[in-house]
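Examining the three-dimensional arrangement
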Amino acid sequence: MTKKLKVVKNSSKHTWNDTRVGCVLLEEGKAKPFKPGQKPILVPIWDKEMCVRCGLCYVFCPDAAIKREDDGYYGVDLDYCKGCGICHQECWFGAISMTEEG
Amino acid sequence: MDKFGLYAPQLLPFKEHFIPKAHPACMGCGVALGVRQTYKALEEKRDWMKDAGWEIPYKQPLPGNISKSKKEAKEEIKPALLTIEKRDQTNLFLCFDNEAVEDKPTPTVFKKWYPAVAVARGFHYVATACPSYPFDLIDKVRRGMESEGNSYIHILSPCPVGWDFDSEFAVNIGRYAVESAIFPLYEVVTGSYRLTIDHPKIRPVEQYLKLQNRFKHFKQKEILTIQAEVDREYAKLREGKV
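Before going into details, it helps to say that this report is about the structure given with it.

It is worth spelling out the overall build of chain A at this point. Helices and strands together make up the secondary structure of chain A, namely two helices and four strands. Sequence-ordered secondary structure for chain A, helices as α and strands as β, is β-α-β-β-α-β. Per-residue burial over chain A gives 28% buried out of 102 residues. Of all intrachain contacts in chain A linking residues separated by at least 6 positions in sequence, the fraction that spans at least 24 positions is 63%.

And the structure:
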């Protein structure tokens, strides 16, 4: 099995001419617009009857993917979730289950 | 279910300053979790941190240059602890320790305990923390910011890849480390020790070691030597005579 490497075309927006001497970054947080791109295998799903809105899943999420929604419950942003399962393990009330996406 | 209106996590600032959410860490990374929690603590005081792509100066060694970063870790952390204290400055050092610098875990060689080095160098505030106890960690970072001299915080960050366990237990395993007293949580304010979390019932160290596959080769005799060492150190901490 040999994989052919795809030639990535450089976008016309950014070339080496635009980098500064020593590759100094003058703006902070340049990685902000990027997303991981890979979808998680297992995604958390909340059972709203069991959930007491304590927010422990929110505190323990290493990817900052869990957000508080307007109704006070918590939800996941699947662009950033990596499917580690910490929220499922740490929920005291068993409200979070890991399921396959879809 | 609405018996309690307010839970402790809801007192934290909800705005995320952990800006590059697409961080390059693996899933269930303890370092990413610790960094995110320190962001919560330093919410209003981040003017001085605008320097790098991550909004704070940070260094993440890649698997390819482990040997280099190992050397760097030895060359950079130690002089930082040794020399910066001479300058008349107030710095906050955060060491995210995933115990990867050591070559192989052996029961006869224990890891270099940097908090003790920092205490010996006269840091004003030294503490150990773990992201499994988030409010403890946030309190300590805030207190470290407010202290007048240098401060150093040593943060145990479980590494699912390096320690070889399932990523969903990353928070749980840090809790085991604290409950088995192999990583006690304490703070040192100008030289006086105080345990911040002291469990009345200490777990056997074996329970913590058996959870990780990196300690798979340990024998019963070796576990007992570790247990003896941990008990000795923890008895000192409890009495405050270190």
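Right, let's get into unusual backbone geometry. Of note in the backbone geometry, arginine 53 of chain A takes a positive phi value of approximately 60° without being a glycine. With respect to the secondary-structure elements, arginine 53 of chain A resides in the loop between β1 (42-46) and α1 (56-60). Here the phi dihedral of aspartate 164 of chain B falls at roughly 65°; this positive angle occurs in a residue that is not glycine. Tracing the sequence through the fold places aspartate 164 of chain B in the loop between α5 (160-163) and α6 (170-179). We classify aspartate 164 of chain B as partly exposed; it has 13 C-beta atoms within 10 Å.

Our focus in this paragraph is the environment of histidine 199 of chain B. Mapped onto the fold, histidine 199 of chain B is located in the loop between β5 (192-197) and α7 (205-210). Accessibility expressed as a C-beta count within 10 Å gives 14 for histidine 199 of chain B, which makes it partly exposed.

On to the sheet that holds strand β2 (residues 125-129) of chain B. Residue and element names in this part refer to chain B. Within the open sheet, the five strands sit side by side as β1-β3-β2-β4-β5. Their pairing is mixed. With one partner strand each, in any of the chains shown, β1 (92-97) and β5 form the two edges of the open sheet. Between one strand and the next, the sheet's axes are offset by a mean angle of 15°, whatever the strand orientation. In this structure, β1 lies alongside strand β3 (residues 151-156), joined through six bridges in parallel fashion. In the strand pairing of β3, leucine 94 is matched with isoleucine 153. Packed on one face of the sheet, helix α4 (residues 134-146) meets β1, β2, β3, β4 (185-189) and β5 and runs near 165° to β2.

Let's shift gears to α4 of chain B. Under the 1.5 Å per step criterion, the end-to-end length of α4 of chain B is 19 Å for 13 residues, consistent within 8% with the ideal 18 Å. Every buried residue of α4 of chain B is accounted for by Pro134, Asp136, Leu137, Ile138, Lys140, Val141 and Gly144 of chain B.

Our next topic: the packing of helix α1 (residues 30-41) of chain B against α4 of chain B. All names here are of chain B. Between α1 and α4, whose axes approach to 9 Å, the crossing angle comes to 55°. Classified by the angle their axes make, α1 and α4 are oblique. Once α1 is placed against α4, the crossing between them reads as right-handed. Taking contact as the criterion, the partners of Gln37, Thr38, Lys40 and Ala41 in α1 are, on α4, Pro134, Leu137, Ile138, Val141 and Arg142. Within the contact of α1 with α4, the residues separate by chemical class into five nonpolar, two polar and two charged.

The subject of this paragraph is α1 of chain B. The terminal C-alpha atoms of α1 of chain B, which comprises 12 residues, lie 17 Å apart, in line with the 16 Å expected from a rise of 1.5 Å per residue. Summarising burial for α1 of chain B: 12 of the 12 residues are buried, a large majority. Taken together, the buried positions of α1 of chain B are occupied by Gly30, Val31, Ala32, Leu33, Gly34, Val35, Arg36, Gln37, Thr38, Tyr39, Lys40 and Ala41 of chain B. Those residues of α1 of chain B hidden inside the fold are in contact with α1 of chain A together with β1, α4, β3 and α6 of chain B.

Here is what the cut-offs are and how they apply
Residues numbered from 1 in each chain as written. Chains lettered and ligands numbered in written order. Predicted model: local features only at pLDDT ≥ 70, side-chain atom pairs only at ≥ 80, totals over all residues. Helix = DSSP H or I, 4+ residues; strand = E, 2+ residues; numbered from the N terminus. Buried ≥ 20, exposed ≤ 12 C-beta atoms within 10 Å, placed from the backbone. Contact = placed C-beta atoms within 7 Å. Pairing = 2+ DSSP bridges. Axes fitted to C-alpha atoms, helices over the stretch in contact; angles between N-to-C directions. Expected span 1.5 Å × (residues − 1). Parallel < 35°, antiparallel > 145°, perpendicular 65-115°, else oblique. Left-handed = near helix turned anticlockwise from the far one by under 90°. Nonpolar A, V, L, I, M, F, W, Y, C, P; charged D, E, K, R; others polar.

Just geometry here; none of it tells us what the structure is for.
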